[in-house]
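Fold and geometry: a report
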Amino acid sequence: DGVGQGRGIKCSLCTKALKKFKTLAGDSPDESAVAAALQRGCRILGRIAGRVCRWLVDKYRSQITEGLQNGDLPRDICTAMGVCRS
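Residues numbered from 1 in each chain as written. Predicted model: local features only at pLDDT ≥ 70, side-chain atom pairs only at ≥ 80, totals over all residues. Heavy atoms only, no water.

Naming follows an unreviewed UniProt entry, where the protein chain appears as NKL protein of Prunella fulvescens.

Description of the packing of aromatic side chains
Note the cut-off: When two rings of Phe, Tyr or Trp (its six-membered ring) have centres within 6.5 Å they constitute a pair, described as stacked for plane angles under 30 degrees, edge-to-face for angles over 60, and tilted for the intermediate range. Burial classification: accessible surface area is computed with a 1.4 Å probe over protein chains only, and a residue below 20% of its type maximum counts as buried, one above 50% as exposed, and the rest as partly exposed. To sit over a ring, a charge needs its Lys NZ or Arg CZ within 6 Å of the ring centre and within 35 degrees of the ring normal.
Applying the stated criterion across every chain, the model contains 1 aromatic pair. Note on W55 and Y60: the rings are 6.1 Å apart at their centroids and 90 degrees apart in plane angle, and the pair reads as edge-to-face. Y60 gets classed as buried once you look at its relative accessible area, which sits at 12%. Above the plane of the ring of W55 lies K10, whose end atom (NZ or CZ) is 5.3 Å from the centre.

Looking at the side chain of S12
Put simply, the rule reads: By definition, any uninterrupted DSSP run of H or I lasting at least four residues is a helix, any uninterrupted run of E lasting at least two residues is a strand, and each is numbered from the N terminus. Throughout this description, a polar contact denotes any pair of N or O atoms lying within 3.5 Å of each other; where both atoms belong to protein, one of them has to be capable of donating a hydrogen while the other can accept it, and for residues adjacent in sequence the pair is counted only when both atoms sit in side chains.
By the element assignment, S12 lies in helix 1 (residues 9–25). Engagement of the side chain of S12 in a polar contact is seen with the backbone oxygen of I9, the distance being 3.1 Å.

Topic: the nonpolar core
This is how it is decided: As used here, the term nonpolar core means buried Ala, Val, Leu, Ile, Met, Phe, Trp, Tyr and Cys residues forming a set that is joined through side-chain atoms within 4.5 Å. Whether two residues are in contact is decided by their heavy atoms, any of which lying within 4.5 Å being enough.
Counting residues in each nonpolar core, the largest one holds 24 residues, and the members touching the most others are C14, L18, F21, I64, L68 and M81. Listing elements by their share of this core, those giving two or more residues are helix 1, helix 2 (31–44), helix 3 (47–70) and helix 4 (74–80). Those residues in contact with L18 that lie beyond four places of it in its chain are I64, L68, P74, I77 and C78.

Some thoughts on the state of the cysteines
To keep it simple, the criterion reads: By definition, disulfides here are pairs of cysteine sulfur atoms that lie within 2.5 Å.
Enumeration over the complete set of coordinates arrives at 3 disulfides. Covalently, C11 is tied to C84 through a disulfide, its sulfur atoms 2.0 Å apart. On the S-S bond that ties C11 to C84, the torsion sits near 105 degrees, and the link is right-handed. Taken together, the residues span a long stretch of sequence, with C11 in helix 1 and C84 in the segment after helix 4 at a distance of 73 residues. Residue C11 is classed as buried on the basis of its relative accessible area, which comes to 0%.

Structure below.
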């Protein structure tokens, strides 16, 4: 699931976080649903992964929000942010 390709651990963490956000935000999320998912999603991932998650959210919030609202795949969002290689 993308762990061996891309950029390894950061890519797989990004993809895992985005999958979690997508699940929490629901099928056609508005901005507040995405914001709530971003907050809850990082807490669920645990301490170390949560730290990377919060960094991703702080740095790429608008791209993550837009990607989730567009229904983009987690891997595609992480690639667009430059965390994963295409």
